[in-house]
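Listed below are the residues making up each chain.
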Amino acid sequence: MNAESRTRLNQTPEWTALAKHREELADTHLRDLFAAGPGRGSGYTLQVGDLHVDYSKHLVTDETLRLLRELAAATDVLGLRDAMFRGDKINVTEDRAVLHTALRAPRDAVIEVDGENVVPAVHAVLDKMADFANRVRSGEWTGHTGKRIKNIVNIGIGGSDLGPAMAYEALRSYTDRDLTFRFVSNVDGADLHEAVRDLDPEETLFIIASKTFTTIETITNATSARNWLLSELRAGQEAVAKHFVALSTNTEKVSDFGIDTANMFEFWDWVGGRYSYDSAIGLSLMIAIGPDHFREMLNGFLLVDEHFRTAPAESNAPLLLGLLGIWYGNFFGAQSHAVLPYSHYLSKFTAYLQQLDMESNGKSVDRDGRETEWQTGPVVWGTPGTNGQHAYYQLIHQGTKLIPADFIGFAEPVADLQPGLVDQHDLLMANFFAQTQALAFGKTPEAVRAEGVPEELVPHKTFKGNHPTTTILARELTPSVLGQLIALYEHKVFVQGAIWNIDSFDQWGVELGKVLAKRLEPALTDGEDVSGLDESTMALVAKYRELRGR
Ligand code: F6P
């Protein structure tokens, strides 16, 4: 169907029906929904692998869910899903397949891109990674002076940093605690400085992670790291081979940088940067947790891939979560979405999701090149829950904005906590359950008055409630569960992009800033006249030069 003949999303009967339904629900409170539907608390739940997904505290009825599924059907979300899994080039603006799902496909799977089965290559790289990881972990791989590697520094940015850095934190209790891991991403020299200042270069391995191997931040940091290493070791270029490996799709650039391509771990253009930490980009993680745990994680991804690919719409968790986001964003005007993990180990989880979601769905032009007339991706934000409770939860509870939120928690603390600290887990989780309860049901003025609160304080102490949340509960944060969680969000983002008819797999919006920075740099350093500079930026550059004494 060409662009002209395709009915625009907001003109479809399914969209109109949802808008009307939203009006009908305008005065409905979650308290009413629970009162009207006993059993909702256990009925509005799904089990996906190890994840118990509770969506009972959402402003939805069976009818809402039915209408949302009709919207998904009208926009052929599942058709696009099948095209993605098949290897069709659904990244239309870059003419690429979108096959992060092939990264966790079993060895005997067949997934073709341009007539070639990509699965054998995926497993060949995984095997090569496992071999290398084992050699580093066992001490067999040594540095230039023969010393065992004890420090691993991943240098990358965006998808080449956030995934491994997040997963390393998440799976800390599975890591080899004798090894030190650092993640450097910022072109601010302070990042690399702090990462290496207390490391022995003889014992340090740098992993340069860059899909394109042209990203200025990464190449700059990698060059500085190489200078640091060679000058500290008082060694020549020959030392690089033992201390630098590359994760990339670009063999030529890796070789130009001076890294032996035998020490390059490959991936492919059908893996988007933000969908790549289960590819070679996960090498630092694999060294940290070992190949077996890495494979367990991949199996977790696979489990949710299979669920997404085969579960009926009524019980398809990524579809449901995607639709709930559409419901609030497009029919309630919600602008943001909070992700609030009740696990300290998930401290980088939301930052990871920010790229996954916002770089994927932060678009305002649809796949046909037309301006969208509907809201697309939300602002995704959040930090571990209990800390947030003492910072920004006030606004979620009593502010003026509707902020749907995901609460993620675990029944068991991680395995290697000291016994005294294990006891704190119930307190953590009591907060977890209390918050979604308070957000949903609030506290009525009558309940406040019944506590003897003076009348003038009653409005201040009243909680309107009616704030929607999803609760995701699992027994424990294992490698598999982490893979399941990430795949759940990957596919949720997919569903939303499919409905909004945007290309969730390009990222043109990051280009302009890169080009302008490159053009501006000589103005900062040499005072070069940069033509076409606007007056404001020109004045700021002049001020900067003055402050730097130039
Ligand atoms: O931010 C833009 C981006 O292209 C991301 O999509 C990507 O994850 C990141 O830069 C890093 O890119 P590369 O892995 O090519 O260095």
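Refer to the structure printed above.
The present account deals with the structure reproduced in this document. All of these numbers come straight from a predicted model, not from anything done at the bench.

Thoughts on the overall build of the protein chain
A count of helices and strands for the protein chain gives 24 helices and 13 strands. In terms of overall dimensions, the protein chain is globule-like: its C-alpha atoms have a radius of gyration of 25 Å, near the 24 Å expected for 550 residues. For the protein chain, buried positions account for 52% of its 550 residues. In the protein chain, 74% of the contacts between residues at least 6 apart in sequence involve partners at least 24 apart. Just so you have it, the protein chain exposes about 24,000 Å², and 51% of that area is on carbon and sulfur atoms. With 51 positive and 75 negative side-chain charges, the protein chain shows a spacing of 2 Å between the two charge centroids.

Concerning the sheet that holds strand S12 (residues 405–410)
Pairing is mixed across the open sheet formed by six strands, whose spatial order is S1-S2-S13-S12-S10-S11. Sheet topology places strand S1 (45–48) and strand S11 (379–381) at the edges, where each strand pairs with a single neighbour. The sheet shows a mean angle of 15° between the axes of neighbouring strands, direction not considered. Two elements, S12 and strand S13 (residues 469–474), share six bridges in a ladder whose sense is parallel. Looking at the pairing, Phe410 lines up with Ala474 of S13.

Here's the deal with the packing of aromatic side chains
Enumeration according to the criterion identifies 29 aromatic pairs in this entry. Each ring, one from Trp381 and one from Tyr392, has its centre 4.9 Å from the other, and the planes form 70°; the classification is edge-to-face. A residue pair is termed long-range when its members are at least 10 positions apart, and Trp381 in strand S11 and Tyr392 in the loop between helix H16 (385–389) and helix H17 (393–398) qualify at 11 residues. Put simply, the rings of Tyr342, Trp381, Tyr392, Tyr393, Phe407, Phe432 and Phe433 pair up and form one aromatic cluster. Note that Lys128 overlies the ring of Phe265, its terminal NZ or CZ placed 5.1 Å from the centroid. The positively charged end of Arg226 is found above the aromatic ring belonging to Phe257, 4.2 Å away from the centroid.

Things to note about the sheet that holds strand S6 (residues 180–184)
The strand order across the open sheet built from five strands is S6-S5-S7-S8-S9, with neighbouring strands paired in parallel fashion. Only two strands of the sheet have a single neighbouring strand rather than two, namely S6 and strand S9 (264–266). Each strand axis lies, on average, 20° off the axis of its neighbour in the sheet, ignoring direction. Two elements, strand S5 (residues 151–155) and strand S7 (residues 204–209), share five bridges in a ladder whose sense is parallel. Residue pairing in the sheet places Val153 in a bridge with Phe206 of S7. Against the sheet, helix H8 (residues 189–196) makes contact with S5, S6 and S7, and its axis sits at roughly 175° relative to S6, the strand it touches most.

Quick look at the site of the ligand
The environment of the ligand is made up of 13 residues, and the closest members are Ser160, Ser210, Thr212, Thr215 and Glu359. Interatomic distance of 2.8 Å between a backbone N/O atom of Gly159 and an oxygen atom of the ligand. Thr212 places a side-chain nitrogen or oxygen 2.6 Å from an oxygen atom of the ligand. Protein coverage of the free-state accessible area of the ligand, which is 390 Å², stands at 87%. More than half of the atoms of the ligand fall within 2 Å of the grid points belonging to the largest pocket. Taken together, the residues of the shell around the ligand break down into two nonpolar, nine polar and two charged.

Describing empty space enclosed by the protein
What the rule picks out here adds up to six cavities of 30 Å³ or more. In this structure, the largest cavity occupies an estimated 100 Å³ of space. Every element with two or more residues in the lining of the largest cavity is listed here: helix H14 (317–331), strand S10 (336–341) and helix H22 (479–500). In this structure, the second largest cavity is lined by His58, Leu321, Leu324, Gly325, Tyr328, His337, Pro404, Ala405, Asp406, Thr470 and Lys492. Contributing elements (two or more residues each) for the lining of the second largest cavity: H14 and S12. Here the residues of the lining of the second largest cavity are counted per class, giving five nonpolar, four polar and two charged.

Scoring rules and cut-offs
- Residues numbered from 1 in each chain as written.
- Predicted model: local features only at pLDDT ≥ 70, side-chain atom pairs only at ≥ 80, totals over all residues.
- Heavy atoms only, no water.
- Helix = DSSP H or I, 4+ residues; strand = E, 2+ residues; numbered from the N terminus.
- Rg over C-alpha atoms; globule rule 2.2 N^0.38 Å.
- Buried < 20%, exposed > 50% of the residue type's maximum accessible area, 1.4 Å probe, protein only.
- Contact = heavy atoms within 4.5 Å.
- Areas by Shrake-Rupley, 256 points an atom, 1.4 Å probe, with all protein chains shown as cover.
- Lys, Arg positive; Asp, Glu negative; His and termini not counted.
- Charge placed at Lys NZ, Arg CZ, Asp CG, Glu CD.
- Pairing = 2+ DSSP bridges.
- Axes fitted to C-alpha atoms, helices over the stretch in contact; angles between N-to-C directions.
- Phe/Tyr/Trp six-rings, centres within 6.5 Å; stacked < 30°, edge-to-face > 60°.
- Lys NZ or Arg CZ within 6 Å of the ring centre and 35° of its normal.
- Near = heavy atom within 4 Å.
- Polar contact = N/O pair within 3.5 Å; in protein donor to acceptor, adjacent residues only side chain to side chain.
- 1 Å grid on protein atoms, 1.4 Å probe; cavity = no way out; pocket = protein on both sides within 12 Å on 5 of 7 lines; lining within 4 Å.
- Sits in = over half its atoms within 2 Å of the grid points.
- Nonpolar A, V, L, I, M, F, W, Y, C, P; charged D, E, K, R; others polar.
- Points joined across faces, edges and corners; volume = space filled by probe spheres on them.

The quantities given are spatial measurements derived from coordinates; they are silent on function.
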